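Structure assessment
Residues per chain, in single letters:
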Amino acid sequence: MAYLENVKATLSPENQARVNQAMSGLQSLTASSASSGTRSMTGALEGVKEASNAPVDVSENNVNLVKEYMPQLKQLFAMLQ
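Here the structure is a predicted model, which is why all the values come from computation and not from measurement.

From N to C terminus, the protein chain includes four helices and zero strands. N-terminal to C-terminal, the α/β element order of the protein chain is α-α-α-α. Relative to its 81 residues, the protein chain shows a buried fraction of 16%. Total accessible area on the protein chain is roughly 6200 Å²; 57% of this is exposed by carbon and sulfur atoms.

As structure tokens, then:
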């Protein structure tokens, strides 16, 4: 998270808001992973798969953000493991 904070300082206000959104998502993922005992991204994705039967309202904007930032998130998770 500190890395993202450092990078965020050099970005435009719009991109800073996007980094804040990504950080919120990472914190949510970390919190849910810690509470369920999940220790890897694969385990976290399994939890998402299990929960996919529940109806979820996901905005198109959120889907686009995930598509845009997924390569960077994968790299970040790889560094954290």
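On inspection of all chains with the given rule, the structure shows two salt bridges. The partner of Glu-14 in a salt bridge is Arg-18, and the shortest N-O contact between them spans 3.8 Å. Remark: Arg-18 and Glu-14 occur in helix α2 (residues 13-36); sequence separation between them is four residues, near one turn of the helix. We note a salt bridge from Glu-68 to Arg-18, for which the minimum N-O separation is 3.2 Å. Taken together, the residues span a long stretch of sequence, with Glu-68 in helix α4 (residues 60-80) and Arg-18 in helix α2 at a distance of 50 residues.

Moving on, we get to the nonpolar core. In terms of nonpolar packing, the biggest core is built from nine residues, these being Leu-4, Val-19, Met-23, Leu-26, Leu-65, Tyr-69, Leu-73, Leu-76 and Phe-77. Counting only elements with at least two residues in this core, the list comes to α2 and α4. Take this core: its biggest share by element is five residues, from α4.

So, how was this worked out
- Residues numbered from 1 in each chain as written.
- Predicted model: local features only at pLDDT ≥ 70, side-chain atom pairs only at ≥ 80, totals over all residues.
- Heavy atoms only, no water.
- Helix = DSSP H or I, 4+ residues; strand = E, 2+ residues; numbered from the N terminus.
- Buried < 20%, exposed > 50% of the residue type's maximum accessible area, 1.4 Å probe, protein only.
- Areas by Shrake-Rupley, 256 points an atom, 1.4 Å probe, with all protein chains shown as cover.
- Salt bridge = Lys/Arg side-chain N within 4 Å of Asp/Glu carboxyl O.
- Core = buried A, V, L, I, M, F, W, Y, C linked by side-chain atoms within 4.5 Å.

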